Amino acid sequence: MNRPLYVKFLKTMYGLVVNNFLVVVALAAAAAVAPRTSPEEVLALAREIRPVHCLLALLLAAAVAKLRRMGRPKDVYLVEYGCFRPKPWFRAPFATCLEHAHLMPYLVDEESVSFALRLLERSGLGEETCVPEAYHYMPPDRSLEASRDETELVIFSAVDEVFARTSVKPEEIDVLIVNCSIFTPTPVFADMVVNRYKLRADVQNVNLSGMGCSAGLVSVGLAKNLLQTARPGTHVLIVSTEILSSQYYVGKERAMLLPNCLFRMGAAAMILSNSSERARYRLTRLVRTVTAARDADYRCVFQEEDDKGNTGIRLSKDLATTAGYALKSNIAAFGPLVLPASEQLLVALSLLKRKLLSGRAKVRLYRPDFRTAFEHICIHAGGRGVIDEVQHGLGLSDQDVEASRMTLHRFGNTSSSSVLYELAYIEAKGMMKKGDRIWMISFGAGFDCNSVAWECVKPPADADGPWVDSIHRYPVKLPEIVKDTSDDS
C-alpha cells in the first residue's frame, strides 16, 4: 500500500472511531460483559421487569422527546428556487465590449480600454455572460427608466420561474424580502413585486439595500428568524438581484472600472417555509460575520465619486485578502457547528500543541477538512481571485470549486444571486443526492461574510433551470493566468 492510500485509510478509520465514539464504547462494553452472561440469564432478567415499568419508561421517553422538540426552534426549509436566464441577445462577448469602448473615446481612453480588456481576459468570465439592454447603447443608457426596465425583466422572470416550479401560489406568500445593493427606487422593489403578483394586503415586506453580494444569504438569515417564530405553514419569498443599468462607470479610475468588467445581469427567487411539505432542502446552520470595525475592510467595496465627479464602486486591490480574513473569522464560529468530532479533535490538539510549545517551535495549526462535513460547496462567484483565495485557504480541490468557476464563466458575477446559480449547476450535473450537505459562502460590502448550510431533502426531478441550454458544454477548461506586473499600479 503506497503512502497516500495508507494515510487516507488511517484517516478514514480515525474518523469512523472518533465520530462514533459512543457506539464504539457501547460495543466494547457489551463485548466485555457478554462472555460472563449467558442467554438464559438475560432472559430471566427480562422476565423480572414488570409491564407497568416498561409502559412508564416509554411514556417518559416520549415526553422527553416531545419537550425537546418544543424547546427546539422550528426547522426552516427551502421549498423551491428559480433563476433568471438571460436571452442570447443580451450577450456581451469580449469583442463587443472592445468595439463599444473604441467607439466611445469621449468616455473611455485607450489606456483604460487596454486595462479593461486584460482584466476581462484574466477574470474567469466567458463569452456568453450577459449585460442589460442599457449597456448595449452608445453611450450606455443610465436613466431611471432603463433601470426600471431591467428590474422588471430580471425580478419578474425569476419570480415567475420559482412559482412555475412549485405548487405554492402567490396568495400563500406571508413574507416578502427583496434585496438589491445600489439601485433603490420609490416605490421599492418589494412593492413592485406585491403589485405585480397581487400579494395579500397583510403580507409583511422588507427591502434590503447596500449589503452587496452577501445580501441573498443575509435575507435567508432574516427569513429564518421570522419563520422560527411564525405559525406553521408560513411561506417567505426572497428575491435577490443587482441592477446594473444606472451603475455603469464612465470615468478612468482602474479600481472603479472593475465592476463594469465583472458584474453581469442576474436574479434569483427562493420560497422558504417552516413546513417540510413540498420542501427540497432543510436549513441546518447559518453564521454571519461582519468585519466593518476594521477601516480597510469597511472601505474595501465603497461607492464614491472620482476626481471628475463620476460615481462608481471602488473595489480594493486587497479584496481577495479581505475576503480571506473575513472567511477565517466566519469559520471560527461556523466550524464547530458543522465539523465532525474527528476534525474538531485534531484542531484542538494542534491548538494545545501550539500553546505548549509557544516560544520553542513554530507549530502550524491544523486546517480542518470541510469536505468531511459537506458534499458540495458554493463559493460566491465574485471573481477568479476570490475563488482562488477560498480554494487555497480551505484546501479544496478543483472539483470542489467547479460549480463556482463554471458559474463565473457562464453568468459572470451576478452578485447576491450567484450561489443559487451554482446550486443549479450542481443539480443540472446530476450530482445532488438525498442527504447531501451544501455549504454556501457569500461576501459583501461592509465587509461581510456569510455561511449557510443546507441538507438535501428531495433532489430535483429535472435539470430545467438557468443551465438547461448550456450544461452539456460544461465544465470547460479555463486559460492559465500569467501575472502582469503592469496592472499593479
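Keep in mind that this is a model prediction, so the values were computed, not measured. (Residues numbered from 1 in each chain as written. Predicted model: local features only at pLDDT ≥ 70, side-chain atom pairs only at ≥ 80, totals over all residues. Heavy atoms only, no water.)

Asker: Honestly, the overall build of the chain in this entry has me stumped. Any pointers?
Answerer: Scanning the chain from N- to C-terminus turns up 16 helices and 11 strands. Sequence-distant contacts, at least 24 apart, represent 82% of the contacts inside the chain between residues at least 6 apart. (Helix = DSSP H or I, 4+ residues; strand = E, 2+ residues; numbered from the N terminus. Contact = heavy atoms within 4.5 Å.)

Asker: What's the story with helix H5 (residues 94-102) in this structure? I'm lost.
Answerer: Each full turn of the α-helix corresponds to 3.6 residues, which orients residues three or four apart in the same direction. Of all the positions in H5, only Phe94, His100 and Ala101 are classed as buried. Along the axis of H5, the buried positions cluster into a sector of 130°, meaning they face one direction only. Elements in contact with the buried residues of H5: helix H6 (110-122). (Buried < 20%, exposed > 50% of the residue type's maximum accessible area, 1.4 Å probe, protein only. Arc of directions from axis to C-beta.)

Asker: Help me out: how do you make sense of the sheet that holds strand E2 (residues 175-179) in this one?
Answerer: Within a sheet, neighbouring strands are paired by backbone hydrogen bonds and run either parallel or antiparallel to one another. Overall, mixed pairing links the 9 strands, which are arranged E3-E2-E4-E5-E1-E6-E11-E10-E9 in an open sheet. Edge positions in the open sheet fall to strand E3 (204-208) and strand E9 (376-379), since each of these has one partner strand only. Each strand axis lies, on average, 25° off the axis of its neighbour in the sheet, ignoring direction. Bridge analysis of strand E6 (residues 281-290) against strand E11 (residues 448-456) gives 9 bridges, and the strand direction is antiparallel. Residue Arg285 lies in a different strand from E11, and its bridge partner there is Ala453. (Pairing = 2+ DSSP bridges. Axes fitted to C-alpha atoms, helices over the stretch in contact; angles between N-to-C directions.)

Asker: What is the right way to look at the pattern of salt bridges in this model?
Answerer: Using the criterion set out here, one finds 21 salt bridges in the structure. The shortest N-O distance in the salt bridge between Arg282 and Asp75 comes to 3.9 Å. Taken together, the residues Arg282 in strand E6 and Asp75 in the loop between helix H4 (51-71) and strand E1 (76-83) connect sequence positions 207 residues apart. The class for Arg282 is partly exposed, based on a relative accessible area of 24%. Close ionic contact of Arg371 with Asp400 constitutes a salt bridge, the shortest N to O distance being 3.4 Å. Linking Arg371 in the loop between helix H13 (341-356) and E9 with Asp400 in the loop between helix H14 (384-394) and helix H15 (402-411), this pair joins segments that are 29 residues apart in sequence. Sharing partners across several salt bridges, the network here consists of Glu80, Glu161, Arg165, Arg280 and Glu427. (Salt bridge = Lys/Arg side-chain N within 4 Å of Asp/Glu carboxyl O.)

Asker: Help me understand the nonpolar core in this model?
Answerer: Buried together is how nonpolar side chains tend to be arranged in soluble globular proteins. Ile155, Leu176, Leu237, Leu272, Met440, Trp454 and Trp467 are the most contacted members of the largest nonpolar core, which totals 73 residues. A per-element tally of this core places helix H16 (residues 418-428) first, with 8 residues. Setting aside chain neighbours within four positions, we find Leu237 in contact with Val159, Val162, Phe163, Ile173, Val175, Leu176, Ile177, Val193, Ala269, Met270 and Ile271. With 40 residues, the next largest nonpolar core counts Met104, Leu125, Ile379 and Val386 among its residues. (Core = buried A, V, L, I, M, F, W, Y, C linked by side-chain atoms within 4.5 Å.)

Asker: Teacher, can you tell me more about the environment of Lys434 here?
Answerer: With respect to the element layout, Lys434 can be found in the loop between H16 and strand E10 (437-444). Placed 24 residues apart in sequence, Lys434 and Lys458 show a C-alpha to C-alpha distance of 5.7 Å. Not counting residues up to four positions away in its chain, the partners in contact with Lys434 are Cys456, Val457 and Pro459.

Asker: I'm lost on unusual backbone geometry in this one. Help?
Answerer: The residue after Met138, namely Pro139, is reached through a cis peptide bond having omega -5°. As for its position among the elements, Pro139 is in the loop between H6 and helix H7 (144-164). Backbone geometry at Lys198 places phi at a positive 50°, although glycine is not the residue there. With respect to the secondary-structure elements, Lys198 resides in the loop between helix H8 (189-197) and E3.

Asker: Help me understand the packing of helix H12 (residues 319-338) against H14, please; the structure alone is not making it clear to me.
Answerer: Each packed pair of helices is defined by two parameters, the angle between the axes and the distance between the axes. Axis separation between H12 and H14 bottoms out at 9 Å; the angle between their running directions is 40°. Taken together, the axes of H12 and H14 lie oblique to each other. Crossing of H12 over H14 shows right-handed handedness. Two secondary-structure elements touch here, H12 through Ala320, Thr321, Gly324, Leu327 and Ile331 and H14 through Gly385, Val386, Glu389, Val390 and Leu394. Across the contact of H12 with H14, the residue classes tally to 6 nonpolar, 3 polar and 1 charged. (Parallel < 35°, antiparallel > 145°, perpendicular 65-115°, else oblique. Left-handed = near helix turned anticlockwise from the far one by under 90°. Nonpolar A, V, L, I, M, F, W, Y, C, P; charged D, E, K, R; others polar.)

Asker: So what exactly am I meant to see when it comes to a nonpolar patch on the surface here?
Answerer: A cluster of nonpolar residues, Val52, Leu55, Leu56 and Leu59, forms a patch on the protein surface that exposes about 370 Å² of accessible area. Relative to the elements of secondary structure, Leu59 occurs in helix H4. (Patch = residues over 30% accessible without salt bridge, like charges linked within 9 Å, V, L, I, M, F, W, Y side chains within 5 Å. Areas by Shrake-Rupley, 256 points an atom, 1.4 Å probe, with all protein chains shown as cover.)

Asker: Looking at this structure, I do not really get the confidence of the model for the chain. What am I missing?
Answerer: Detailed reading of the predicted model is not advised wherever pLDDT is low. When pLDDT is averaged along the chain, the result is 88, and 86% of the positions lie at 70 or above. Taken together, the stretch residues 485-489 has pLDDT below 50 and engages in 8 contacts with residues farther than four places along the chain or on a different chain. (pLDDT = per-residue confidence, 0-100.)

Asker: Would you explain the side chain of Ser350 in this entry?
Answerer: The residue Ser350 is located in helix H13 in this model. Polar contacts involving the side chain of Ser350 include one to the main-chain carbonyl oxygen of Val347, which spans 2.8 Å. If near-sequence neighbours (up to four positions away) are discounted, Ser350 is found in contact with Val363, Leu365 and Tyr366. (Polar contact = N/O pair within 3.5 Å; in protein donor to acceptor, adjacent residues only side chain to side chain.)

Asker: What should I look at first to understand empty space enclosed by the protein in this one?
Answerer: According to the stated counting rule, one finds 2 cavities of 30 Å³ or more in the structure shown. Here the largest cavity defines a volume of roughly 410 Å³. Listing elements by their share of the lining of the largest cavity, those giving two or more residues are H5, H6 and helix H10 (254-262). For the lining of the largest cavity, the leading source of residues is H5, giving 6 residues. Size it by volume and the second largest cavity reaches roughly 90 Å³. (1 Å grid on protein atoms, 1.4 Å probe; cavity = no way out; pocket = protein on both sides within 12 Å on 5 of 7 lines; lining within 4 Å. Points joined across faces, edges and corners; volume = space filled by probe spheres on them.)

Asker: I'm lost on the packing of aromatic side chains in this one. Help?
Answerer: The geometry of two aromatic rings is summed up by the distance between their centres and the angle between their planes. This structure, assessed with the given rule, holds 15 aromatic pairs. Seen from their ring centres, Trp89 and Phe90 are 6.2 Å apart, and the 45° between their planes marks the pair as tilted. A cation sits over an aromatic face here: Arg294 above Tyr325, 3.7 Å from the ring centre. Across the ring face of Phe411, the terminal group of Arg410 is positioned such that the distance to the ring centre comes to 4.6 Å. (Phe/Tyr/Trp six-rings, centres within 6.5 Å; stacked < 30°, edge-to-face > 60°. Lys NZ or Arg CZ within 6 Å of the ring centre and 35° of its normal.)

Asker: Sorry, what's going on with the pairing of E11 here?
Answerer: Where a strand is regular, its side chains alternate between the two sheet faces. Burial of E11 is extensive: 8 of the 9 residues sit out of reach of the surface. When E10 meets E11, the two strands line up antiparallel, connected through 8 bridges. The residue of E11 that forms the bridge with Gly444 is Asp448. Taking the residues between adjacent antiparallel strands as the criterion, E10 and E11 are bridged by 3 residues, where Gly446 takes a positive phi near 145°.

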